[in-house]
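# A closer look at the structure
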Amino acid sequence: MHPIVRNGLIAGAVALLPVYAYAQSQGGAGVNTAAIIMFVIFVGMTLFVTKWAASQTKSTSDFYTAGGGITGFQNGLAIAGDYMSAASFLGISGLVFTSGFDGLIYSVGWLVGWPIVLFLIAERLRNLGKFTFADVASYRLQQTPIRILSATGTLTVVAFYLIAQMVGAGKLIELLFGVPYLLAVILVGIMMIIYVTFGGMLATTWVQIIKACMLLGGATFMAFMVLWHYNFSPGNLFNAAVEIQPKGDAIMRPGGLVKDPISAISLGIALMFGTAGLPHILMRFFTVADAKAARKSVFYATGFIGYFYILTFIIGFGAIVFLMNNPDFYTTTTGADGAVTWDKLTGLVGGTNMAAVHLADAVGGSLFLGFISAVAFATILAVVAGLTLAGASAVSHDLYYSVITKRQAADADVIRVSKISTVCLGIVAIILGYIFENQNVAFMVGLAFAVAASVNFPVLVLSMFWSKLTTRGALIGGFLGLASAVILVILSPAVWVTTFGNEAAIFPYDNPALFSVSLAFIATWFFSITDSSKTAQAEIAGFGPQYVRSQTGLGAEGASAH
Amino acid sequence: MNESAYDRISRSPKFQELVRQRTRLATILSILMLVIYFGFILLVAYAPGFLGTPIGAGSVTTIGVPIGLFVIVSAFVLTGIYVAKANTTFDRLNEEVLREVE
């Protein structure tokens, strides 16, 4: 093993010591020894995988795509591991806990983008690209401007997504393991730097696969225990939940989540087309050998993710029946007459997002609680590692290799830039996590999806399907999509009213996607068809060969030798 | 990899057949997914009462629950249909197209 790798791994192990020591010194309240042990086992396992991956990672192809040697099934699990964030596990089960049916409406939106990814994108992306989706977007257009646009889109999505994950991670780890917020954020940052710099895509993939198995296994066990209690009859479970939940049978109907049709459609567009524009997800299609494996990986991923959302629905209802009548899980108040009361909907210790975690305790005891706590942490690590790798690839492959050195840089230089960018992104993520500690970051994931749907998705889809796309059209459309998505979110109720404290929002809807995606497509179309330059004609002529390659895979990048 | 191979393929009837079939299936399935999902969203927005109808007398389970599960399962089934067709017909056609230019 390379001494730098060995030192890095030792540094990682050393970084964990203060957490363990701190947890020990706190004892009892707020610290769960089983959780710490499970977590240390998980970290040990992933560091071992990273050590192995580091020995396999030599070329840029190894670093960005694990040499293209991941199978369709493995990639399906890794995609599911990349996509099922702690926000969807804890957030959706918490939403079902408080609002019942509304949680199902929300989770459905997170799934329906996947078939679109399969039908329109996965195979063609694999046939045309090498390391990043910008390879495809810039295939017949001018390299420099399109790479800059794609890298800007990628880094914007990664930044918003990372902020949401880091703040969530800090809060969650603080609560589950009893370590201070800042230490938790630094720990997450260090772990993701270790995985990505030493193990590249191979280590990231296996962290995601291990996490997906742990999450699916843990969630299956919880749902099984809940249903077992009701003789495997969902009807009995719903009956019991309606009796216990203060909202009664309203939890079986659509509630306040969908305010008006425009908001509903706008959210739907952001989730559906945003999924198809997430850079860390698109990058995963280059880790498999060919278009056939890319296609299979979406099939498996859709199955795992859909199954997972059905489980979160059962887990949310399970949390209603197992937790709401038990004051042990609540912050309680004792009245003058000695009566103990608690707010079933909002009084849960640690907030409603902890519903799934408390349910783990209720159905499986402290050992299983420890397991689910470790799963929640593993979930965050796998997602941030994937995001960081996507961001580092945009900097090193799109900006450094393609734009700055005009594809002249040597492999070793590109890998060095990737590793430096990874460390920088990790440090930036820690700083952002610290800055945003007390901000409302719930809208950030929605914003990441809106930007992905407004910048990455239009340029990618049009470059593959529309022969008349030109550099000018893609550039103007893409940047208008980016600017409108960000500006409309700033003017929306979530930021303009909640964060800035203004009276009324200038833009009335929480999600901008309906408007920003439309603007991006229309502007791209208009500025392409009115582009009569010489280069535009060459770009249009280049569509023919590109189309044949996208359909047949002739000339596609193969898997590397090892 | 050279231009002429791409030109020859694009004129090949087999290639045109492959593209026609694959585009047709992908378009149909995409439209189905869009109709199912946005149909569900529009029901939520315009007919929440319908989704809240109990599935039977004395039952608290509403029609919305099986409909929501149907949307999830349909996403999986639609990807399955595409993959099954692609694994057999499209891959075979694709190999034939590539063999023609070898």
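The paragraphs below set out a description of the structure included in this document. In this text the structure is predicted, and so the values were computed from the model without any measurement.

### A short note on the overall build of chain B
If you tally the helices and strands in chain B, you get four helices and zero strands. Counted from the first residue to the last, chain B has its helices and strands arranged as α-α-α-α. For 102 residues, the compact-globule estimate of 2.2 N^0.38 gives 13 Å, and the C-alpha radius of gyration of chain B, at 21 Å, exceeds that figure by more than 25%. Principal axes of the C-alpha set define a box for chain B whose edges measure 70 × 25 × 20 Å. Looking at chain B as a whole, 43% of its 102 residues are labelled buried. Counting only contacts in chain B whose residues sit at least 6 apart along the sequence, the fraction spanning at least 24 positions is 65%. Entry remark: accessible area of chain B is about 5,200 Å², with carbon and sulfur atoms responsible for 66%. Across chain B, 9 positive and 8 negative side-chain charges occur, with their mean positions spaced 7 Å apart.

### Structural notes on the environment of Ala356(A)
All names here are of chain A. Mapped onto the secondary structure, Ala356 falls in helix H15 (residues 355–404). Separated by 301 residues in sequence, Ala356 and Ser55 have C-alpha atoms that sit 38 Å apart. Beyond its immediate chain neighbours, meaning those up to four positions away, Ala356 contacts Phe89, Leu90, Ser93, Met222 and Ile315.

### Regarding unusual backbone geometry
The general pattern is negative phi for most residues beyond glycine and trans for most peptide bonds. Residue and element names in this part refer to chain A. The backbone of Ala66 shows a phi angle near 55°, a positive value even though the residue is not glycine. Checked against the element boundaries, Ala66 lands in the loop between helix H3 (60–65) and helix H4 (72–83). Owing to a relative accessible area of 12%, Ala66 belongs among the buried residues under this scheme.

### So, helix H2 (residues 33–56) of chain A
Helix length check: H2(A), at 24 residues, gives a terminal C-alpha distance of 35 Å against a target of 34 Å (1.5 Å per residue), a fit within 8%. Listing the buried residues of H2(A) in full gives Ala34(A), Ala35(A), Ile36(A), Phe39(A), Phe42(A), Val43(A), Thr46(A), Leu47(A), Val49(A), Thr50(A), Ala53(A) and Ala54(A).

### Focus on a nonpolar patch on the surface
The grouping of Leu182(A), Ile186(A), Val423(A), Ile427(A), Ile431(A), Tyr434(A) and Ile435(A) at the surface amounts to a nonpolar patch, some 590 Å² of accessible area in total. For the nonpolar patch, the element with the highest residue contribution is helix H16 (residues 411–435) of chain A, accounting for five residues.

### Regarding the interface of chain B and chain A
Quite often, the size of an interface is put as the accessible area lost when its parts meet. On the chain A side, the residues contacting the 49 residues of chain B number 47 residues. Summed over both partners, the interface of chain B with chain A buries about 4,300 Å², with 78% contributed by carbon and sulfur atoms. It is Tyr6(B), Val60(B) and Ile72(B) that lose the most area in chain B upon contact with chain A, and together they represent 15% of the buried surface on that side. Across the chain B-chain A interface, the total number found is two salt bridges. For the salt bridge of Asp91(B) with Lys292(A), the shortest nitrogen-to-oxygen distance reads 3.3 Å. Where chain B packs against chain A, one counts eight residue pairs in polar contact (both at pLDDT 80 or more). Here the side of chain B that touches chain A takes 19 residues from helix H4 (residues 64–101) of chain B, the largest share from any one element.

### Section: the pattern of salt bridges
Under the defined criterion, the tally for this structure stands at 11 salt bridges over all chains. Glu96(B) is the salt-bridge partner of Lys14(B), the closest N and O atoms lying 3.7 Å from each other. Taken together, the residues Lys14(B) in helix H2 (residues 13–46) and Glu96(B) in helix H4 connect sequence positions 82 residues apart. Among the charged side chains, a network of salt bridges with common partners joins Glu123(A), Lys292(A), Arg295(A) and Asp91(B).

### Remarks on the packing of aromatic side chains
All names here are of chain A. Tallied over the full model, the rule gives 35 aromatic pairs over all chains. For the pair Phe63 and Tyr64, a centre-to-centre distance of 5.7 Å together with 80° between the ring planes defines the contact as edge-to-face. The pair Phe63 / Tyr64 is uniform in exposure class, with both members buried. Ring centres of Phe368 and Phe371 lie 6.0 Å apart, and the angle between their planes is 25°; on these two criteria the pair is classed as stacked.

### Describing the packing of helix H14 (residues 291–323) of chain A against H4(B)
Where H14(A) meets H4(B), the closest approach of the two axes is 10 Å, and the angle between their N-to-C directions is 165°. Between H14(A) and H4(B), the crossing angle belongs to the class labelled roughly antiparallel. Relative to H4(B), H14(A) is oriented so that their crossing is left-handed. When H14(A) is examined against H4(B), the residues Lys292(A), Arg295(A), Lys296(A), Phe299(A), Thr302(A), Gly303(A), Gly306(A), Tyr309(A), Ile310(A) and Phe313(A) are found in contact with a partner set consisting of Val65(B), Leu69(B), Ile72(B), Ala75(B), Phe76(B), Thr79(B), Gly80(B), Tyr82(B), Val83(B), Ala86(B), Asn87(B) and Asp91(B). Residues that form the contact of H14(A) with H4(B) fall into these classes: 12 nonpolar, six polar and four charged.

### As for the layout of surface pockets
Residues and elements named next belong to chain A. In this model, the second largest pocket occupies a volume close to 550 Å³. Around the second largest pocket, the lining comprises 30 residues; the ones closest to its centre are Gly129, Lys130, Asp135, His397 and Glu557. Among the elements of the structure, H3, helix H7 (113–128), helix H9 (143–177), H15 and H16 are those that each provide at least two residues to the lining of the second largest pocket. For the lining of the second largest pocket, the leading source of residues is H3, giving four residues. Counted by class, the lining of the second largest pocket contains 10 nonpolar, 12 polar and eight charged residues.

### A few points about empty space enclosed by the protein
Residue and element names in this part refer to chain A. According to the stated counting rule, one finds two cavities of 30 Å³ or more in the structure shown. In this structure, the largest cavity spans a volume of roughly 50 Å³. In terms of lining residues, the largest cavity is bounded by Phe131, Thr132, Phe133, Thr154, Pro279, Met283, Ala390, Ala394 and Asp398. Considering every element that reaches the lining of the largest cavity, the biggest residue donor is H15, with three residues. A breakdown of the residues in the lining of the largest cavity according to their chemical character gives six nonpolar, two polar and one charged.

What counts as what
Residues numbered from 1 in each chain as written. Chains lettered and ligands numbered in written order. Predicted model: local features only at pLDDT ≥ 70, side-chain atom pairs only at ≥ 80, totals over all residues. Heavy atoms only, no water. Helix = DSSP H or I, 4+ residues; strand = E, 2+ residues; numbered from the N terminus. Rg over C-alpha atoms; globule rule 2.2 N^0.38 Å. Buried < 20%, exposed > 50% of the residue type's maximum accessible area, 1.4 Å probe, protein only. Contact = heavy atoms within 4.5 Å. Areas by Shrake-Rupley, 256 points an atom, 1.4 Å probe, with all protein chains shown as cover. Lys, Arg positive; Asp, Glu negative; His and termini not counted. Charge placed at Lys NZ, Arg CZ, Asp CG, Glu CD. Expected span 1.5 Å × (residues − 1). Patch = residues over 30% accessible without salt bridge, like charges linked within 9 Å, V, L, I, M, F, W, Y side chains within 5 Å. Salt bridge = Lys/Arg side-chain N within 4 Å of Asp/Glu carboxyl O. Buried area = accessible area lost by both parts, 1.4 Å probe. Polar contact = N/O pair within 3.5 Å; in protein donor to acceptor, adjacent residues only side chain to side chain. Phe/Tyr/Trp six-rings, centres within 6.5 Å; stacked < 30°, edge-to-face > 60°. Axes fitted to C-alpha atoms, helices over the stretch in contact; angles between N-to-C directions. Parallel < 35°, antiparallel > 145°, perpendicular 65-115°, else oblique. Left-handed = near helix turned anticlockwise from the far one by under 90°. Nonpolar A, V, L, I, M, F, W, Y, C, P; charged D, E, K, R; others polar. 1 Å grid on protein atoms, 1.4 Å probe; cavity = no way out; pocket = protein on both sides within 12 Å on 5 of 7 lines; lining within 4 Å. Points joined across faces, edges and corners; volume = space filled by probe spheres on them.

Purely geometric stuff here, so don't read any function into it on its own.
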